[in-house]
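# What the coordinates show
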Amino acid sequence: MAKEQVSHRSFGGPVPEHVAIIMDGNGRWAEERGMLRVQGHGAGVASVREVTTECARMGVKSLTLYAFSIENWKRPSREVRYLMRLLRIFMHRERRTLMDNDVRLHCIGRLDELPAPALLELRRTEAMTRDNPGMLLRLALSYGSRTEIGDAVRKIALEAVRGDLDPNDIDEETIRAYLYDPVTPDPDLIIRTAGEMRISNFLLWQMSYAELYVTDVCWPEFRLPHLLEAFSAYAKRKRKFGGLLDEAQGGGEGRAAGSRSTA
Ligand code: FPP
């Protein structure tokens, strides 16, 4: 599809404001081609670049990419080293692309567990892109949702023990306030590539009312036409947020904070 044709009208509805992607199938894509698994990760970088720039152009407000889970540390050290090197090189090389597309980078996860050279490049890119007015690109790195929730609960308990927080006042908003990124609204659409029907410890709190879309396409092959297919599917969904359709469309009360008023 030509770039000029890509607008929210192409989908029969609005583009999702926050898209989150579980980028899966790099290893399978490589093995099917007689290549090394790590070459699949290398090939996946082109998809990251295309999906990021196209989402920014289409007016997506936030894009969260699951780039390295906390469980991924269990992979062979050679693969982990390769991924960390890829991350460092990506940060260095793609800064220009992020700047050209007004994209702001922010990383979430146990970032202090990343190797120092990768963390340094990542912090540099975050600083350089901080004031960009366009899309927010969130990379989930050394990220696990149960760990995120556990970290939040620990901080809340410490506040309570210190007497700074009354346990009776703890509600959904208190918990949200202690998550890695309390500000960005919840994802509207979660895409998973490579066909597996699972969530893999990704944004468990934030995904409560997200629409799920699974495609068999492996991540290194996932490009603009696949993204448009996902957006078209999303545009056909009727979102009720547990209420009735009219109420959800009208922006009625009682919806979880951080979620949006689109139907
Ligand atoms: C899952 O595929 C993917 C990952 C563990 C890493 C994702 C990394 C990239 C897309 C490239 C680098 C990204 C950035 C932001 C620099 P898998 O290996 O589990 O695939 P499989 O299920 O087929 O084995």
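Here, every reference points to the structure presented above.
To start, this report covers the structure provided alongside it. (Residues numbered from 1 in each chain as written. Predicted model: local features only at pLDDT ≥ 70, side-chain atom pairs only at ≥ 80, totals over all residues. Heavy atoms only, no water.)

### Quick look at empty space enclosed by the protein
Rule in force here: A pocket here means an open set of points on a 1 Å grid, computed over the protein atoms alone, that has protein on both sides within 12 Å along at least five of seven lines. A cavity is instead a set of points where a 1.4 Å probe fits but cannot get out; residues with an atom within 4 Å of a point line either one. Grid points are joined across faces, edges and corners, and a volume is the space filled by probe spheres set on the points. Helix numbering and strand numbering both begin at the N terminus, where a helix is a DSSP run of H or I of at least 4 residues and a strand a DSSP run of E of at least 2.
Taken as a whole and judged by the stated rule, the model has two cavities of 30 Å³ or more. In this model, the largest cavity occupies a volume close to 60 Å³. Within the residue set of the lining of the largest cavity, elements represented by two or more residues are α2 (37-58) and α4 (95-100). Per element, the largest residue contribution to the lining of the largest cavity is three residues, and it comes from α2.

### A few points about the pairing of strand β1 (residues 18-22)
Short version of the rule: Using a 1.4 Å probe on the protein chains alone, a residue whose accessible area is under 20% of its type maximum counts as buried, one over 50% counts as exposed, and one in between counts as partly exposed. Note: two strands are recorded as paired if DSSP finds a minimum of 2 bridges between them.
A large share of β1 lies buried, amounting to five of its five residues. Side-chain alternation along β1 places His-18, Ala-20 and Ile-22 on one buried face and Val-19 and Ile-21 on a second face that is also buried. Two elements, β1 and strand β2 (residues 62-69), share five bridges in a ladder whose sense is parallel. Across the sheet, the residue bridging to Ala-20 is Thr-64, located in β2. Note: β1 against strand β5 (residues 189-192), four bridges, orientation parallel. Bridge assignment links Ile-22 to a residue of β5, and that residue is Arg-192.

### Things to note about the layout of surface pockets
Keep this limit in mind: Three residue categories are used. Nonpolar comprises Ala, Val, Leu, Ile, Met, Phe, Trp, Tyr, Cys and Pro, charged comprises Asp, Glu, Lys and Arg, and polar comprises the others, including Gly.
A volume near 720 Å³ is recorded for the largest pocket. Listed by contribution, the elements that provide at least two residues to the lining of the largest pocket are α1 (26-32), α2, β2, α3 (77-93) and β4 (136-143). Taken together, the residues of the lining of the largest pocket sort by class into 16 nonpolar, eight polar and eight charged. Each pocket or cavity is described by its volume, and for the second largest pocket that value is around 150 Å³. Forming the walls of the second largest pocket are Gly-42, Val-45, Arg-49, Tyr-82, Arg-85, Leu-86, Ile-89, Phe-90, Arg-93 and Glu-94. Listed by contribution, the elements that provide at least two residues to the lining of the second largest pocket are α2 and α3. The dominant element in the lining of the second largest pocket, judged by the number of residues it contributes, is α3, at six residues. Split by residue class, the lining of the second largest pocket holds five nonpolar, one polar and four charged.

So, to be careful, I would describe these as geometric facts and stop short of saying anything about function.
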